[in-house]
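# Observations on chain architecture
This is what each chain is made of:
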Amino acid sequence: MNIELRHLEYFRAVAEELNFGRAAERLFISQPGLSRQIKQMEEILEVQLFERTKRRVELTAAGHYLKSEVDYIFNHLELTKTQLKEIASGKIGELRVGFLGSAAHTVLPELLVKVSQNFPGIQTNLEELSNAMQVEMLEKDKLDLGFVRLARVPEQLQMKVVYQDTFSVVLPLEHPLRNGKFKHVGQLKEENFILFSHDYSSIYFDKIMSICEDQGFSPKITHKSVHALTIFKLVEAGLGVAIVPTSLKEGYELKVKFIELNKIRQRTELFVVWKRGNRNAALFKVLELI
């Protein structure tokens, strides 16, 4: 006997609910029937997928592995169904794109214009996400393309640099330090700093720390955020200063000023990243434009 799609559907429901009763209700079958199907599946695979006690149900190590594979299978089936419908209707397909906020001010708008001009049949689904979330979703085939700032990505992903940016200091508009008087970041060592969270982009965080360390001080960090607008609002309110990629100054109308750090060694690079083996036809067409 072979594993059938229904087995995977039953397994996924139990793996997500970790309760046979709730999973059975969700699947509109009896609990004993569901238990038999899972038992049959374990016998076919010759592994135990769940640890069962009277109080709870837990995935075994084999069960955890199978869950990730089943998630991939169902995500891929959904993508295939979407692609088939769009091909049948004369469209090329859909491209799911993740991006950091800074990409929205640089390469992403230009790319979307090119896609619209060259492949009007491609629909783009855009979502602003952290580096880590983009990598996770690319691995699980929930994204086709990502724009990240990372030194490296998992082996199953490919990456290509698409933009190099300088850093800029962000100050309240009325801050006494102006371009003509600015020499180096060390002049701000007594200030409070507002930075992007390390969880949002560790490479951002580490490079900003190194900019300060090159001037012999460690910044006093009072606030962290994953959103550029939040950082700028806090600077505008006089709660501190910030260091961000220069490209982020576009698109905001706030009472802050930017001083570009164009004489330091640190630069930040934006990468486009995708999964090896992704068979989305729209992805290959868009990669040609990057």
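Residues numbered from 1 in each chain as written. Predicted model: local features only at pLDDT ≥ 70, side-chain atom pairs only at ≥ 80, totals over all residues. Heavy atoms only, no water.

### Describing the nonpolar core
What tends to happen in soluble globular proteins is that the nonpolar side chains get buried as a cluster. Put simply, the test is: In this description, a nonpolar core means a group of buried Ala, Val, Leu, Ile, Met, Phe, Trp, Tyr and Cys residues linked to one another through side-chain atoms lying within 4.5 Å. Burial status follows relative accessibility: with a 1.4 Å probe on protein chains alone, a residue under 20% of its type maximum counts as buried, one over 50% as exposed, and anything between as partly exposed. The way it works is that DSSP assigns letters per residue, a run of H or I at least four long becomes a helix, a run of E at least two long becomes a strand, and they are numbered from the N terminus. Here, two residues are considered to be in contact whenever any of their heavy atoms come within 4.5 Å of each other.
Core analysis: the biggest nonpolar cluster contains 20 residues, and Leu95, Leu111, Ile122, Leu145, Phe147 and Val286 have the highest contact counts within it. Counting only elements with at least two residues in this core, the list comes to β3 (93-99), α5 (107-118), β5 (145-148), β12 (268-275) and α9 (281-287). For Leu111, the contacting residues outside a window of four places in its chain are Leu145, Phe147, Val286, Leu289 and Ile290.

### Topic: the packing of helix α1 (residues 5-17) against helix α2 (residues 20-27)
What counts is decided by this rule: Working convention: axes come from line fits to C-alpha atoms, limited for helices to the stretch in contact. Angles between N-to-C directions cover 0 to 180 degrees. Any angle from 65 to 115 degrees is called roughly perpendicular, while one under 35 is roughly parallel, one over 145 is roughly antiparallel, and all others are oblique. Handedness of a crossing follows from how the near helix is turned relative to the far one, being left-handed for an anticlockwise turn of less than a right angle and right-handed for a clockwise one. Amino acids are sorted into nonpolar (Ala, Val, Leu, Ile, Met, Phe, Trp, Tyr, Cys and Pro), charged (Asp, Glu, Lys and Arg) and polar (every other residue, Gly among them).
Between α1 and α2, the shortest axis-to-axis distance is 8 Å and the interhelical angle comes to 135°. By the criterion of interaxial angle, the relationship of α1 to α2 is oblique. Considering the relative orientation of α1 and α2, their crossing is right-handed. Contact residues: Glu9, Tyr10, Ala13, Val14, Glu16 and Glu17 in α1; Phe20, Arg22, Ala23, Arg26 and Leu27 in α2. The class makeup of the residues in the contact of α1 with α2 is six nonpolar, no polar and five charged.

### Quick notes on the sheet that holds strand β10 (residues 242-245)
Spelled out, the test is: DSSP calls a pair of strands paired once it identifies at least 2 bridges connecting them.
Strand order across the open sheet formed by three strands is β10-β7-β11, with antiparallel pairing between neighbours. The sheet is open, and its two edges are formed by β10 and β11 (256-261), each paired on a single side. Pairwise comparison of adjacent strand axes, ignoring direction, gives a mean angle of 35° for this sheet. The sheet contact formed by strand β7 (residues 167-172) and β10 spans four bridges and is antiparallel.

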